Amino acid sequence: MKKIGIFYGTTSGITAGIVDEIEFYLRGEEYEVFDVANGIDEMENIENLILVSPTYGVGELQKDWENVYDKLKNLDFTNKVVGIVGVGNQFAFGESYVGAMRKLYDAVIAKGAKVVGFTSTEGYSYEETESVVDDKFIGLALDESNQDNETPDRIKAWIEEIKPLFN
């Protein structure tokens, strides 16, 4: 498997903790972690990507992702495989749960990415979200406020599913 680039933004540190868990399940694989607060230049050099963002406000990207979003929308994702992880609160923000995932998805799909790792909406309780296509989340949806006990198993299953697709 080719190297994986994990790109994330975090404000409170919760998403950094999610990235630590992703790293745990990627042990033995070649990967590198990038905080988007330092830019996304390395994204151009890596074919397998995992993009991780919490959702703020009403479906908005985290601040550091917002700062690099225009650049993200202009990168060429042809021949790149992308997995997306969204972190949100399905009860407090049930009307826009993990909405940041959709912004990342739209940006990379428009530029040729193959997005992998769609997951079931079963076991979640939210009002609505733009991050569901064909009855599946467009990535891995996590709720550390209400379902943190589910996070390790969800990450493990997701990583096992996407690893074979990162060729």
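Residues numbered from 1 in each chain as written. Predicted model: local features only at pLDDT ≥ 70, side-chain atom pairs only at ≥ 80, totals over all residues. Heavy atoms only, no water.

Thoughts on unusual backbone geometry
Next up, step 1: Unusually for a residue other than glycine, D134 sits at a positive phi of about 50°.
Next up, step 2: Here D134 lies in the loop between strand 8 (132-133) and strand 9 (136-137).
Next up, step 3: Positive phi, close to 65°, is recorded for D135, a residue that is not glycine.
Next up, step 4: The class of D135 is exposed, set by a relative accessible area of 64%. (Helix = DSSP H or I, 4+ residues; strand = E, 2+ residues; numbered from the N terminus. Buried < 20%, exposed > 50% of the residue type's maximum accessible area, 1.4 Å probe, protein only.)

A word on the pattern of salt bridges
Next up, step 1: Per the counting criterion, the structure on display carries seven salt bridges.
Next up, step 2: Residues E32 and K3 are paired through a salt bridge, measuring 2.6 Å at the closest nitrogen-oxygen approach. Of the two residues, E32 sits in strand 2 (residues 31-35) while K3 sits in the segment before strand 1 (4-8), which places them 29 residues apart along the sequence.
Next up, step 3: When the shortest N-O distance is used, the salt bridge between K163 and E29 registers 3.3 Å. On the criterion of sequence distance, the pair formed by K163 in the segment after helix 4 (151-162) and E29 in the loop between helix 1 (14-25) and strand 2 is long-range, its members being 134 residues apart.
Next up, step 4: Overall, the relative accessible area of 26% leaves K163 in the partly exposed class. (Salt bridge = Lys/Arg side-chain N within 4 Å of Asp/Glu carboxyl O.)

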